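Given next are the chains, with one letter for each unit.
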Amino acid sequence: RYSPSSGLRIFSSTAIGPTFPQFLLASASTCTSAQRFSTTSKYSSENIISSPLPEITNKFPQLKNYSQLYDFSLRESDQFWGTLGSELLQWNEPFTTVSRHDHKSSTFRWFHDGKLNAAVNCVDRHAAEHPDRVALIWERDEPGHEQRVTYRELQEMVWRVAGVLTESGVSAGDRVAIYLPVSPVAVATMLGCARIGAVHSVVFAGFSAQALASRIQDAGASVLVTANSSTRGGRLIPLQATARAAVALCPGVRQVFVMPHSPQPLELADNEVDLERAMSAVQTAPPPSVQGAEDPLFLLYTSGSTGKPKGLVHTTAGYLLYAALTHRLVFDYKPGDVFGCVADIGWITGHSYVVYGPLLNGGTTVLFESTPVHPDAGRYWETVERLRITQFYGAPTAIRLLLRFGDDFVKKYDRSSLRVLGSVGEPINSEAWRWYYDVVGDGRCTVVDTWWQSETGGIMIHMTVPQRRGSGTVLCCAVLSDSQGKPVYDSGATGALCVSSIWPGIARTIHGDHQRYHDTYFAPYAGLYFSGDGARRDDEGYLHITGRMDDVINVSGHRLGTAEVEDVMMEHPEVSETAVVGCPHALKGETIFAFLVLKENSASPQHKIETELRESVKHNIASYAVPEFMLIAPALPKTRSGKIMRRLLRQIAKGNLEDLGDTSTLADPAAVETVLKLYRQMP
Ligand code: ATP
Ligand code: MG
């Protein structure tokens, strides 16, 4: 559909993928006066280019500023990554080759003849150096019950889990499914797998039995680690019962370990083992297995926003290096920081910025087991105050939700420890960005919008620039190229967001389906990694993420990104969420259908709001962008990771009410039912 012949220009990020202009932008922003980031200031590219280099780059003393470093990372990619690979990771056997790629077969290798162990890199080396430093702060569901785990303690937990797995017959290369709440034992299980070379596959502990079963089957896991139950947002989550229902569908699972996570006594079936007991029975630490740099570290399924989830395979050294480096640079990480990423470990954000990135850097990371509104909408900020969090990393969906509750929930807590506020997962609309910046960050913190994917392993683009609209923006250095791969520098051009060379953190394949990997990411544009997202370059050279390419709407020949229309509508004071999709139209080709959720305190009649929205879109974008249909619903269907599932709404807008596609990753089926009902009532 989006073949080069469609005439689209391609945004190729020679500047993005294997290089790191994005990191420097963050460092620039955090080392200069916060006032420069007031929402009205223009952050000029000069500032980025001449900004001081982050400390990690002192390995390249010949480079004086950002643009030199940037050019160097492109020109001398192997030297660049090789130097950082030796610097940031501990090796059992050093690599002699930095990269070896075969583009024909989409086979990519980094440091392939080096040997190392991921768990040693995350824990043992730090436990040796500073055993009493806090590695994890477990923020449980009820506030005020946090538990701290030092590097020494985590090390012991990890080897005990590794021992349990080894005794049960798990060996290097075997897949272990993890269905656990965010907790120290979940981290220890991930790293316990890594210690013995087993491949973990974490499934978000909110998925249904069916969704868990299909992931276990796809991964071919023979062991499952779960817990009896947990509470999240005050609600009991019966993990063991769900796990049992899933395992009943998975004949390949021979053993289930159950962590007594909540105080109820454990009831165990024949194939179930008390994990805590088994851990205390382990006598000696199994030695860390020496793994090849390209051995798989984990499998992780995508959010399923656009279709059937893909089981991505991340390998060891390249992923670790990329997670460690991006964590340091994007978030301006410094020793002593308390890193607060509130993502669940079931998502890539949890893997890279709750677990791997912070631990590789010897940091203190927060494990947030609750929800943003438990016990009330001040939870995040109360946690920030109590734990003295320095970097807070969350999702736009939560920011939009909290904004609805007003400023008081934020202001009553001390947020002076915060330096950086991150956003990930969806475009952050302007209103949410401003609230995050002005209210949460007191106009003092850097807001960093980070664009990346499960496939990329770590942050690819980050944006600290306050934007007029459509804040999915990258710095000026990304190269825009045409379909032949030739750079073009036109402002106003839109196209597919691609990466033109291979970076260490890229997923190496889709589990069991390398052809799908090749077809999805490398076949659409020759020689480029295709992200599936679209982008537009503005007058100043910044890129704006316009949304998924699948979601691009073509109205009478005008191509429109969903994010742009949504962002304008979100500016309305009574609108709290929007999703815009295209639906077929006899004359225009497509027309716009907007789904809306109003704020709690919205009092205006709906027709008035709709009229105002139409005027605003017309005024801010164009009349062809004005939604023809609007449906106001109490909630929108979302994935379990909190993203609006536009593909379902697209089906509904088309009138395909029977065939909604794969709904296994849907968080709240009732939301769809309500939308369907309202749709049927539409005139
Ligand atoms: P699936 O691939 O199964 O459809 P998914 O793409 O939602 O699911 P993830 O890998 O969790 O799965 O999400 C990556 C996607 O999230 C990106 O491709 C992009 O569409 C969106 N995204 C992430 N961060 C941002 C951001 N800062 N701005 C805009 N979009 C973002
Ligand atoms: Mg995706």
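Residues numbered from 1 in each chain as written. Chains lettered and ligands numbered in written order. Predicted model: local features only at pLDDT ≥ 70, side-chain atom pairs only at ≥ 80, totals over all residues. Heavy atoms only, no water.

(A) Up close: the overall build of the protein. From N to C terminus, the protein includes 21 helices and 34 strands. Of all 683 residues assigned to the protein, the portion counted as buried reaches 62%. By sequence separation, contacts in the protein at least 24 residues apart represent 72% of the contacts at least 6 residues apart. By element, 50% of the accessible surface of the protein is carried by carbon and sulfur atoms, the whole surface being about 24,400 Å². (Helix = DSSP H or I, 4+ residues; strand = E, 2+ residues; numbered from the N terminus. Buried < 20%, exposed > 50% of the residue type's maximum accessible area, 1.4 Å probe, protein only. Contact = heavy atoms within 4.5 Å. Areas by Shrake-Rupley, 256 points an atom, 1.4 Å probe, with all protein chains shown as cover.)

(B) Summary view of the packing of helix H4 (residues 77-88) against helix H11 (residues 317-330). Close contact between H4 and H11 brings their axes to 10 Å; oriented N to C, the two are set at 90°. The orientation of H4 with respect to H11, classified from their angle, is roughly perpendicular. Contact residues: H4 offers Trp81, Leu84, Gly85 and Leu88, while H11 offers Leu321, Tyr322, Leu325 and Arg328. Across the contact of H4 with H11, the residue classes tally to six nonpolar, one polar and one charged. (Axes fitted to C-alpha atoms, helices over the stretch in contact; angles between N-to-C directions. Parallel < 35°, antiparallel > 145°, perpendicular 65-115°, else oblique. Nonpolar A, V, L, I, M, F, W, Y, C, P; charged D, E, K, R; others polar.)

(C) Representation of the packing of helix H8 (residues 209-219) against helix H9 (residues 239-247). Following both chains from N to C, one finds H8 and H9 inclined at 50°, their axes separated by 8 Å at the closest point. Relative to H9, the element H8 is oriented oblique. As for the relative orientation of H8 and H9, their crossing is right-handed in sense. Taking contact as the criterion, the partners of Ala209, Leu212 and Ala213 in H8 are, on H9, Thr242, Ala243, Ala245 and Ala246. Partitioning the contact of H8 with H9 into residue classes produces six nonpolar, one polar and no charged. (Left-handed = near helix turned anticlockwise from the far one by under 90°.)

(D) View of the site of ligand 1. Neighbouring residues of ligand 1: 20 residues in total, closest Ser305, Thr306, Ser454, Arg548 and Lys643. In the environment of ligand 1, an oxygen atom lies 2.8 Å from a nitrogen or oxygen atom belonging to the side chain of glutamine 453. Interatomic distance of 2.9 Å between a side-chain N/O atom of aspartate 533 and an oxygen atom of ligand 1. The protein chains hide 95% of the 640 Å² of surface that ligand 1 would expose on its own. When contributions to the shell around ligand 1 are tallied by element, the ones reaching two or more residues are strand S21 (446-451) and strand S29 (543-548). Here the shell around ligand 1 gets three residues from one element, more than from any other, and that element is S21. The residue makeup of the shell around ligand 1, split by class, is four nonpolar, nine polar and seven charged. (Near = heavy atom within 4 Å. Polar contact = N/O pair within 3.5 Å; in protein donor to acceptor, adjacent residues only side chain to side chain.)

(E) Inspection of the nonpolar core at higher detail. The biggest cluster of nonpolar side chains holds 132 residues, and the ones touching the most others in it are Leu154, Tyr356 and Leu359. Counting residues in hydrophobic clusters, the runner-up holds 30 residues, among them Val342, Trp381, Ile389 and Val447. (Core = buried A, V, L, I, M, F, W, Y, C linked by side-chain atoms within 4.5 Å.)

(F) Quick peek at the packing of aromatic side chains. For the structure shown, the criterion picks out 35 aromatic pairs. With a centroid separation of 5.9 Å and 75° between ring planes, the pair formed by tyrosine 353 and tyrosine 393 is classed as edge-to-face. Residue tyrosine 353 is located in helix H12 (residues 348-360), and its partner tyrosine 393 is located in strand S19 (residues 391-394); the two are separated by 40 residues in the primary sequence. For the residue pair tyrosine 353 and tyrosine 393, the accessibility class agrees, reading buried in each case. Their ring planes at 50° and their centres at 5.0 Å tell us that tryptophan 381 and phenylalanine 392 sit as a pair that is tilted. Placement of tryptophan 381 in helix H13 (residues 379-387) and of phenylalanine 392 in strand S19 is noted, with a sequence separation of 11 residues between them. In this structure, tryptophan 381 and phenylalanine 392 share a single accessibility class: buried. (Phe/Tyr/Trp six-rings, centres within 6.5 Å; stacked < 30°, edge-to-face > 60°.)

(G) Summary view of the state of the cysteines. One pass over the structure, following the stated rule, counts zero disulfides. Cysteine cysteine 122 remains unbridged, with the sulfur of cysteine 193 as its closest cysteine sulfur at 13 Å. A residue is classified by how much of its surface remains accessible, and cysteine 122, at 0% relative accessible area, is buried. (Disulfide = S-S within 2.5 Å.)

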